[in-house]
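A closer look at the structure
Now for the letters of each chain:
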Amino acid sequence: YRKEALIVSLLGLSYEEEGKLKEALQSIRHAMKLDPQRTGLVTECIRLLVQNRQYDEAAELSRQILKREPENPIAHRVLSLQTQNLLQGQEASFK
């Protein structure tokens with residue numbers, strides 16, 4: 001399934017270049033199912049989720065990556081941004 005996952009992920013990148021984020025996400029998610037151990041697919045999905053403002057799902061995938069790769073910089077960055085956004089939201093509610 002690895003070759004098929006690669007082809008499907010390339011299709012996702014093509015969709016992204018065309019501005020079709022929904023289709024790009026669908027393709028990357030399908031590729032992740034075909035090759036769930038390939039961290040690059042998961043980080044690509046995280047990037048697309050952030051672009052599509054689906055921050056909670058991006059954070060959840062980041063947590064999953066950190067279980068496998070505790071030093072993954074992309075996952076740490078996404079969780080850091082999510083924490084900052086949560087804290088800013090709390091500050092706004094205290095004002």
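Anything mentioned here points back to the structure above.
Residues numbered from 1 in each chain as written. Predicted model: local features only at pLDDT ≥ 70, side-chain atom pairs only at ≥ 80, totals over all residues. Heavy atoms only, no water.

1. Overview of the side chain of serine 9
Tracing the sequence through the fold places serine 9 in helix H1 (residues 2-17). Among all residues touching serine 9, those that are not within four sequence positions of it are Ile28, Ala31 and Leu41. (Helix = DSSP H or I, 4+ residues; strand = E, 2+ residues; numbered from the N terminus. Contact = heavy atoms within 4.5 Å.)

2. A short note on the nonpolar core
Judged by nonpolar contacts, the single largest core of 22 residues is most densely connected at Met32, Val42, Cys45, Ile46, Leu49 and Leu61. For this core, the elements supplying multiple residues, two or more each, are H1, helix H2 (21-34), helix H3 (39-51), helix H4 (55-68) and helix H5 (73-94). Leave out the neighbours within four places in its chain, and valine 42 touches Met32, Leu61, Ile65 and Arg68. (Core = buried A, V, L, I, M, F, W, Y, C linked by side-chain atoms within 4.5 Å. Buried < 20%, exposed > 50% of the residue type's maximum accessible area, 1.4 Å probe, protein only.)

3. Here's the deal with the packing of H2 against H3
It is at 9 Å that the axes of H2 and H3 come closest, and there the two elements cross at 155°. As the angle between them shows, H2 and H3 are arranged roughly antiparallel. Note that H2 runs across H3; the crossing there is left-handed. Of the residues in H3, those in contact with Leu21, Ala24, Leu25, Ile28, Arg29, Ala31 and Met32 of H2 are Leu41, Val42, Glu44, Cys45, Leu48, Leu49 and Gln51. Its residues assigned to classes, the contact of H2 with H3 shows 11 nonpolar, one polar and two charged. (Axes fitted to C-alpha atoms, helices over the stretch in contact; angles between N-to-C directions. Parallel < 35°, antiparallel > 145°, perpendicular 65-115°, else oblique. Left-handed = near helix turned anticlockwise from the far one by under 90°. Nonpolar A, V, L, I, M, F, W, Y, C, P; charged D, E, K, R; others polar.)

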